[in-house]
Amino acid sequence: MDAAEAEKQTAGRRFAWPWFLVAVLVYLGIIQGLGQLIGVDTSSSDSRFPTTESLVRNALIPIGASIVFVAALVTWLGWWGVVLRYRVPVRRWVRWVPVSMLLASLVAMNYGHLGDQSGSLVVCLLLLGLFVGVGEELMFRGVGVHVFKRAGLSEGKVALWSSVIFGLAHVSNAIGQGAQAILQALVVCTSGYFFYLCLRVGGVILLPMLVHGLWDTSLFSSMIGAEPAVYPGAVLLVVLQVALIVVLVRRRRNVSPTRTPTSPV
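Note that the coordinates shown come from a computational prediction; the quantities given were computed from them, not determined experimentally.

Here is what the cut-offs are and how they apply
- Every chain begins its residue count from 1, and numbering advances along the sequence as written.
- Only residues with pLDDT of 70 or above have their local features reported here, since the model is predicted, and side-chain atom pairs are shown and tallied only from 80 upward, although totals for entire chains, interfaces and linings are computed over all residues.
- The basis for every side-chain value is the complete set of heavy atoms in the structure, and neither hydrogens nor water enter the calculation.
- Working definition: helices are DSSP H or I runs of at least four residues, strands are E runs of at least two. Numbering for both runs from the N terminus.
- Buried, partly exposed and exposed residues are distinguished by accessible area as a fraction of the type maximum, computed with a 1.4 Å probe on protein chains only: under 20%, between the cut-offs, and over 50%, respectively.
- Throughout, a contact is declared for two residues whenever any of their heavy atoms are within 4.5 Å.
- Here, Shrake-Rupley sampling with a 1.4 Å probe gives the accessible areas, and only protein chains in the shown set may cover a residue.
- Take the buried residues of types Ala, Val, Leu, Ile, Met, Phe, Trp, Tyr and Cys, join any two whose side-chain atoms come within 4.5 Å, and each joined set is a nonpolar core.
- Any pair of nitrogen or oxygen atoms within 3.5 Å is treated as a polar contact; in protein, a donor-acceptor pairing is required on top of that, and neighbouring residues in sequence qualify only through side-chain atoms on both sides.
- Salt bridge, as applied in this entry: a Lys or Arg side-chain nitrogen positioned within 4 Å of an Asp or Glu carboxyl oxygen.
- Between rings of Phe, Tyr and Trp, where Trp is taken as its six-membered ring, a pair exists when centres lie within 6.5 Å; planes separated by under 30 degrees are stacked, by over 60 edge-to-face, and by other angles tilted.

**Focus on the overall build of the chain**
For the chain, the count of helices and strands is twelve helices and zero strands. Each helix (α) and strand (β) of the chain, taken in turn from the N terminus, gives the series α-α-α-α-α-α-α-α-α-α-α-α. Among the 265 residues that make up the chain, the fraction classed as buried is 44%. A separation of at least 24 residues holds for 81% of the contacts in the chain among residues at least 6 apart in sequence. About 13500 Å² of surface is accessible on the chain, with carbon and sulfur atoms providing 67% of the total.

Right under this line is the structure:
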């Protein structure tokens, strides 16, 4: 890293990792608090979002408010320059992580079920994917990654802790989903690492935002409407997640390029 890049990485306000944890709690409080305050009761339905109103009030408005909070935080920190770009070299094979996730999301989308829903519900689902991608990536791969990077952690530990906190944040879903949120948190930890690799591959936060948003849209494509549908294509997402875990466990030490003796530190 040259002097100009090093100076850019340390520009803006200092923000220690304990304060990041506080920011995450506020972020989650906005989502869960607004959801409880203005949300629609869907306990009588098998669907998380049986109507357009339930999707808007239970998800879009709370997540939209959380995006405003994170954007305000990044602005206050003066970190937009580093949050939007993350120039850390990565081996070419890692490019298959975002490529495979994008392809799997498109294939696993339940187009038939979406075709049976109202146009407004489908549009709101697309907005939900966009909001989740933007909000969660801005918070965890944007602010989170840079908090740990500035704390002097190695790239591997930056990936680890930003992904662990990302997964633990989803335990808050237990408010509405019960104990299954614990399992979800474990799975989401691995997803957080995949999105981190997407950030490394793209060099800009827009790529993990896109991958994350499309991935979640595909997951939710069978869950909206009054009668959620079972779609065999969704198994592809599970298979890919397991395959990526296996590959990355085996090749975790081969993510970053090998430095030569003459390479700058």
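**Section: the nonpolar core**
Of all hydrophobic cores here, the largest spans 52 residues; its most connected members are Phe15, Phe20, Trp79, Met101, Phe140 and Val143. In this view, phenylalanine 15 contacts Phe20, Ala23, Leu73, Trp76, Leu77, Trp79, Val143 and Val147; residues no more than four positions away in its chain are not counted. Listed in part, the 17 residues of the second largest apolar core include Leu60, Leu114, Leu121 and Ile224.

**A word on the side chain of glutamate 155**
Looking at where glutamate 155 falls in the secondary structure, it is placed in helix 8 (residues 155-169). Reaching out from glutamate 155, the side chain makes a polar contact with the side chain of lysine 149 at a distance of 2.5 Å. Setting aside residues up to four positions removed in sequence, glutamate 155 forms contacts with Tyr86, Val88, Lys149, Tyr196 and Arg200.

**What about the pattern of salt bridges?**
Pairing is possible between side chains of opposite charge, provided their charged atoms come close. In the structure shown here, the tally under the stated rule is three salt bridges. Salt-bridge contacts for arginine 57 lead to glutamate 53; the nearest nitrogen and oxygen are separated by 2.6 Å. Note that arginine 57 and glutamate 53 are positioned in helix 3 (residues 52-77) at a spacing of four residues, about one turn of the helix. Residue arginine 57 is classed as partly exposed on the basis of its relative accessible area of 30%. Taking the relative accessible area as the measure of exposure, glutamate 53 reaches 45% and is therefore partly exposed. Residues glutamate 137 and arginine 141 are paired through a salt bridge, measuring 2.7 Å at the closest nitrogen-oxygen approach. Note that glutamate 137 and arginine 141 are positioned in helix 7 (residues 119-150) at a spacing of four residues, about one turn of the helix. On the basis of relative accessibility, which here comes to 0%, the residue glutamate 137 falls in the buried class.

**Focus: the packing of aromatic side chains**
As enumerated under the stated definition, the model contains seven aromatic pairs in all. Both rings, one in phenylalanine 15 and one in tryptophan 79, keep their centres 6.3 Å apart while their planes meet at 85°; by these two values the pair is edge-to-face. Taken together, the positions of phenylalanine 15 in the loop between helix 1 (3-9) and helix 2 (17-38) and tryptophan 79 in the loop between helix 3 and helix 4 (80-84) put the pair 64 residues apart, joining distant regions of the chain. Note on phenylalanine 15: relative accessible area 13%, which makes it buried. On the numbers, 6.1 Å between centres and 85° between planes, the contact of phenylalanine 20 with phenylalanine 148 is edge-to-face. Of this pair, phenylalanine 20 sits in helix 2 while phenylalanine 148 is found in helix 7, placing the two residues 128 residues apart along the sequence.

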